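Residues per chain, in single letters:
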Amino acid sequence: MAAFDGGAYDSAFDIGAGGGGVDTGTASAGLAISVVSPLVFASTSGSISWSPSVVVGTADVSARLSGSLKINAAEDSARVATLTLIPATAADLDGYEGQAVTIDVTLFRTGQTATYRLFTGSVERSEFTLSERLVSLSCRDGWQERPAACASAAEVEALLGGLATTSSRLLPWSDAKPDPAAYFSGLLETVPGATAIDSGGVWQVVPWEIGAPAATFPAGEVFDGSVDVTSAARADVPAAVRATLAVRGHRLHSAEVDVDWTAVDYSRYIIDGLPTLPKTMVLEALANISGWHIKGTPAIVEPTPGSYGPTSGGAYYVVSPEQAALICQSFTATLYRRWYQEVEVVHSVTIDLGGSSSRDDSINAAIASDFDASAWESAARAAEVSEIYAANDPHPPTVTPTGYEGLPAPWPPTNGALDHPGDITAPELQAAVSQVVARAMRRAASGQRRRRVTFSRPLDPRWEIGAVLAIDAGGVTATGQVSEIEHEMDIESGALASTFTLAVPAGNGSVTGYTATAGAPGNTVSHALTAPDLGNWVGASYDTLPDPDEDTVQGFLCNVVPTSDNYDAEAPAYVTQFRVVMPDIAAPLRDPLTIETPITAAVTIASGSLSITF
Amino acid sequence: MALSFAFHSDAALTTPVAARLPFVQAVSDPVAVDRVLYFGSPRAGRICQAASAPGTDPVTISIADANSGAGSPAGDVRLALSAGGLDTAVGGAALDLPETIDGGMAWAIAVHIRVLDSTHASGVHNDLSLVTNTLREAPA
């Protein structure tokens, strides 16, 4: 035999490209219309017979079944089937895995027939027992594969029937690295319902809604002793579920302070030999205040050229036009500062469940702005503005200059603050808030749905996951939604049964759902910083204060000349400078801030009913 | 080689329909049941066209009745390309698909099927099936 049997190669493996030749043929799909009478399912006196129909691949193996045939289905999981059969040949043993499987059952009652599909899937595993010559097939549907096969976010979202709450911030889809299974799993946590593949192989999304029951089973319709009631575990129903979304952004502040200064009387220049204040010194001083910037251009007043005096000694103070152009006689300016504060806005809501468990059952999520607040704060206006013209600008601004031209946006209100979300848009924030609330809703509803009623009755394939059924048997009266199904048929004994698990939540409505609206934190920040008092501080004088508060020593600092009658060699002498000390920003306006804001939300959980009487 | 274009039970074209698609109808006062199949091929880079006039004639889906006069009549089945289209579809009428259908999950075509029994005859009616016209599958 050849090492490689080319005939065994199936070109179906070749799915990645459009290779291959030209093929012709037809495609078909058969329909099976089963016209049934509900009398088939009545548990009245009489007898019912049944026959299974199992197709593996293209082979009908119904006649080779042995033992029991069991099918289990549950919310958000694959439907599984197990069956045992007698293989026709040893070669069959190699061919089971991966084969398509359908399981049908036909129920017969006098004059009535009903055929139902119970399972559509494929063989997952086969196990051969040599001593008995039996092969056990474990089969499941494609519940796991279906989401994984999706190629886009829209396809995954379509799988959830529009019930999922999406948030591109909290649960993003990546076209570069798509992970549909993870995306599906994340979205499923927000769905007020469940998914399943039904017996016919069709994907279903089942909302958690409990309305009028499609059928009610009295005692005569269920097996004696099969009714069980399971309460939700204490841990399943905490006192409350808290949903929290932390949004990390920035609060952008802006403050302005007006400063002014006026020179001493001209006579001091004569009597004390005080220096005049050069314009350059003022501008340099104002431009180099750490964290502060000049709004617009300072208004510097030059002295009027001319002769001033005489003083009592007959001297004059003379200012030439050339000198005047370099001297600051007085000025006014506005200094501004912009800074940011890291802000975490915590949107939260607490959903009371009324449980007794104090377990912390919280949904926490966070999103962060990518705004570069540091660059925003440190950007200098001067670097942005090209000042070419001193006058008669041929392209004058069309609007009144604000003095903030050239600064990067955003611009907080003057002496106020702006909560800047950066790249987080309002719809994105709302979506994120909705998603955390949706997750909390599902967690709350899932916990409540742990209260369950289970019962068994003769095989009843009419109901799928999500059907609303009621039972009134054995002292238990309940209405709930089918969350699990087990069909079991025993080939040897002929026994057959269906076991249904009803979720019977203690809810507050008929439809599980929620509403959520993100709150907007208030911002009433107002700055009123104290302007520094800029004066004239003369050192080395008999009038010089011996030990002034250094914080108050602001303005023009200079000294009398030694030849002055007011010169005091023992008095403090200043370093000649123009000194400005701007007010500090208070820590509460600078340090990271957390703001709590409530989410306006309402959650409803579909309610079943349950009463037990002895 | 068999066509890769076929009916599937899911939009991702992962599960070809291997067995008859079941519809359950009450013997009296039946209520219409809708289901969806997906026609297409998981093989990207392939196309299918009507063999009669590729690219000109449409791909069609007909309702074939293997046992006319017994079982269910073809008129009990309606086909449409949308759920809403079922309301106005004509029972037993063929459904036209595009002239050229690309392979790949993104190009799966949903075929909506509505069954409403008119026989009121208890039993399983296996005489109806959906059949395409003769198709020509080729590289795109």
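Just so you know, these numbers come straight off a predicted model, no measurement behind them.

Engineer: Which residues make up the overall build of chain A, and what are the values?
Structural biologist: Helix and strand counts for chain A stand at nine helices and 32 strands. Its C-alpha atoms give chain A a radius of gyration of 42 Å, clearly above 25 Å, the size a compact globule of 614 residues would have. For chain A, the spread of C-alpha atoms along the three principal axes comes to 140 × 75 × 50 Å. For chain A, buried positions account for 35% of its 614 residues. Within chain A, contacts between residues at least 6 apart in sequence are counted, and of these 77% link residues at least 24 apart.

Engineer: So what about the overall build of chain B? Which residues, and what values?
Structural biologist: When helices and strands are tallied, chain B shows zero helices and 12 strands. Secondary structure of chain B in N-to-C order comes out as β-β-β-β-β-β-β-β-β-β-β-β. Its C-alpha radius of gyration of 15 Å places chain B within 12% of the 14 Å reference for a compact globule of 140 residues. When the 140 residues of chain B are sorted by exposure, 48% land in the buried category. The contacts in chain B between residues at least 6 apart in sequence include a share of 79% that link residues at least 24 apart.

Engineer: Summarise the pairing of strand 9 (residues 134-140) of chain A; cite the residues concerned and give the values.
Structural biologist: Residue and element names in this part refer to chain A. Pairing of strand 6 (residues 80-85) with strand 9, which is carried by six bridges, proceeds in the antiparallel orientation. Bridge assignment links T82 to a residue of strand 9, and that residue is S138. Pairing geometry for strand 8 (residues 112-129) and strand 9, over seven bridges, is antiparallel. Residue F128 lies in a different strand from strand 9, and its bridge partner there is V135.

Engineer: Can you break down the sheet that holds strand 1 (residues 23-25) of chain A residue by residue, with the values?
Structural biologist: Pairing in this open sheet of four strands is antiparallel, and the strands run 1(A)-12(B)-4(B)-8(B) from one edge to the other. Because the sheet does not close on itself, it has two edges, and the strands there are strand 1 of chain A together with strand 8 (100-102) of chain B. The average undirected angle you get between the axes of adjacent strands in this sheet is 25 degrees. Two strands pair when backbone bridges link them, and strand 4 (residues 46-50) of chain B and strand 8 of chain B are joined in this way by three bridges, in the antiparallel orientation. Paired with B:C48 across the two strands is B:I101, which belongs to strand 8 of chain B.

Engineer: An account of the interface of chain A and chain B is needed here, citing residue identities and associated values.
Structural biologist: Counting residues at the interface gives 43 residues for chain A and 57 residues for chain B. If one sorts the elements of the side of chain A that touches chain B by residue count, strand 2 (residues 28-36) of chain A sits on top with nine residues. Class assignment for the residues of the side of chain A that touches chain B results in 19 nonpolar, 20 polar and four charged. Two elements, strand 2 of chain A and strand 2 (residues 21-26) of chain B, share six bridges in a ladder whose sense is parallel. Directly across from A:A32, in strand 2 of chain B, lies its bridge partner B:P22.

Engineer: Requested: an account of the sheet that holds strand 28 (residues 555-559) of chain A, with residues and values cited.
Structural biologist: All names here are of chain A. Across the sheet, which stays open at both edges, the three strands sit in the order 27-28-29 with mixed pairing between neighbours. Taken across any chain shown, the strands that pair with only one partner, and hence form the sheet edges, are strand 27 (535-539) and strand 29 (577-579). Adjacent strand axes in the sheet meet at a mean angle of 25 degrees when their direction is disregarded. With five bridges joining them, strand 27 and strand 28 adopt parallel strand pairing. Counterpart to V538 in the pairing with strand 28 is C558.

Engineer: Summarise the nonpolar core; cite the residues concerned and give the values.
Structural biologist: By size, the foremost hydrophobic cluster in this structure holds 143 residues, and its most contacted members are A:V433, A:V437, A:A440, A:A444, A:I471 and B:L37. The biggest single contributor to this core is helix 9 (residues 426-448) of chain A, with 10 residues. Among all residues touching A:A440, those that are not within four sequence positions of it are A:V241, A:A243, A:I351 and A:I363. Among the nonpolar cores identified, the runner-up in size contains 25 residues, and A:V257, A:Y266, A:F331 and A:L534 belong to it.

Engineer: Which residues make up the confidence of the model for chain A, and what are the values?
Structural biologist: For any part of a model where pLDDT is low, the fine detail of the predicted coordinates should not be relied upon. Residue and element names in this part refer to chain A. Mean pLDDT for chain A: 89, with 94% of residues reaching 70 or above. Within chain A, the element-level pLDDT minimum falls on helix 8 (residues 381-384), averaging 52, and the maximum on strand 24 (residues 476-490), averaging 97. Of the regions scoring below 50 in pLDDT, residues 1-18 engages in 12 contacts with residues more than four places distant in sequence or in other chains.

Engineer: So what's going on with the domain arrangement of chain A? Residues and values would help.
Structural biologist: Domain assignment breaks chain A into domain 1 (33-143) and domain 2 (250-340 + 376-419 + 525-589). Centre-to-centre separation of domain 1 of chain A and domain 2 of chain A, based on C-alpha positions: 93 Å.

Engineer: Hey, could you go over the pairing of strand 12 (residues 135-139) of chain B for me, with residue numbers and the actual values?
Structural biologist: Across three bridges, the pairing between strand 1 of chain A and strand 12 of chain B is antiparallel. Paired with A:T24 across the strands is B:R136, a residue of strand 12 of chain B. Two strands pair when backbone bridges link them, and strand 4 of chain B and strand 12 of chain B are joined in this way by five bridges, in the antiparallel orientation. Paired with B:I47 across the strands is B:A138, a residue of strand 12 of chain B.

Engineer: With reference to specific residues and values, describe the environment of A:A42.
Structural biologist: You can see A:A42 is positioned in the loop between strand 2 and strand 3 (49-56). With 265 residues separating them in the primary sequence, A:A42 and A:S307 have C-alpha atoms 123 Å apart.

Engineer: Describe in detail the confidence of the model for chain B, supporting the description with residues and values.
Structural biologist: Here chain B averages 92 in pLDDT, while 99% of its residues score no lower than 70. Confidence metrics for the complex model read pTM 0.83 and ipTM 0.97.

Engineer: So, unusual backbone geometry: which residues are in play, and what are the values?
Structural biologist: All names here are of chain A. Each neighbour pair has its own omega, and for G309 with P310 the value is 5 degrees, a cis peptide bond. Looking at where P310 falls in the secondary structure, it is placed in the loop between strand 17 (306-308) and strand 18 (317-319). Note the cis peptide between A409 and P410, where omega equals 0 degrees. You can see P410 is positioned in the loop between helix 8 and strand 21 (416-420). Positive phi is not limited to glycine here, since D76 has a value of about 55 degrees. Topologically, D76 is positioned in the loop between strand 5 (65-74) and strand 6. The exposure class of D76 is partly exposed, given the 16 C-beta atoms found within 10 Å.

Engineer: I'd like a rundown of helix 9 of chain A, residues and numbers included.
Structural biologist: Taking 1.5 Å of rise per residue, the 23 residues of helix 9 of chain A would be expected to cover 33 Å, and the 33 Å separating its terminal C-alpha atoms lies within 8% of that figure. By the criterion of burial, helix 9 of chain A is predominantly enclosed, with 18 of the 23 residues buried.

Engineer: Outline the environment of A:L407, supporting the account with residue identities and numerical values.
Structural biologist: Here A:L407 lies in the loop between helix 8 and strand 21. The spacing of A:L407 and A:T26 is 381 residues in sequence and 69 Å in space, taken between C-alpha atoms.

What counts, and at which threshold
- Residues numbered from 1 in each chain as written.
- Chains lettered and ligands numbered in written order.
- Predicted model: local features only at pLDDT ≥ 70, side-chain atom pairs only at ≥ 80, totals over all residues.
- Helix = DSSP H or I, 4+ residues; strand = E, 2+ residues; numbered from the N terminus.
- Rg over C-alpha atoms; globule rule 2.2 N^0.38 Å.
- Buried ≥ 20, exposed ≤ 12 C-beta atoms within 10 Å, placed from the backbone.
- Contact = placed C-beta atoms within 7 Å.
- Pairing = 2+ DSSP bridges.
- Axes fitted to C-alpha atoms, helices over the stretch in contact; angles between N-to-C directions.
- Nonpolar A, V, L, I, M, F, W, Y, C, P; charged D, E, K, R; others polar.
- Core = buried A, V, L, I, M, F, W, Y, C linked by C-beta atoms within 7 Å.
- pLDDT = per-residue confidence, 0-100.
- Domains from an automatic or database assignment.
- Expected span 1.5 Å × (residues − 1).

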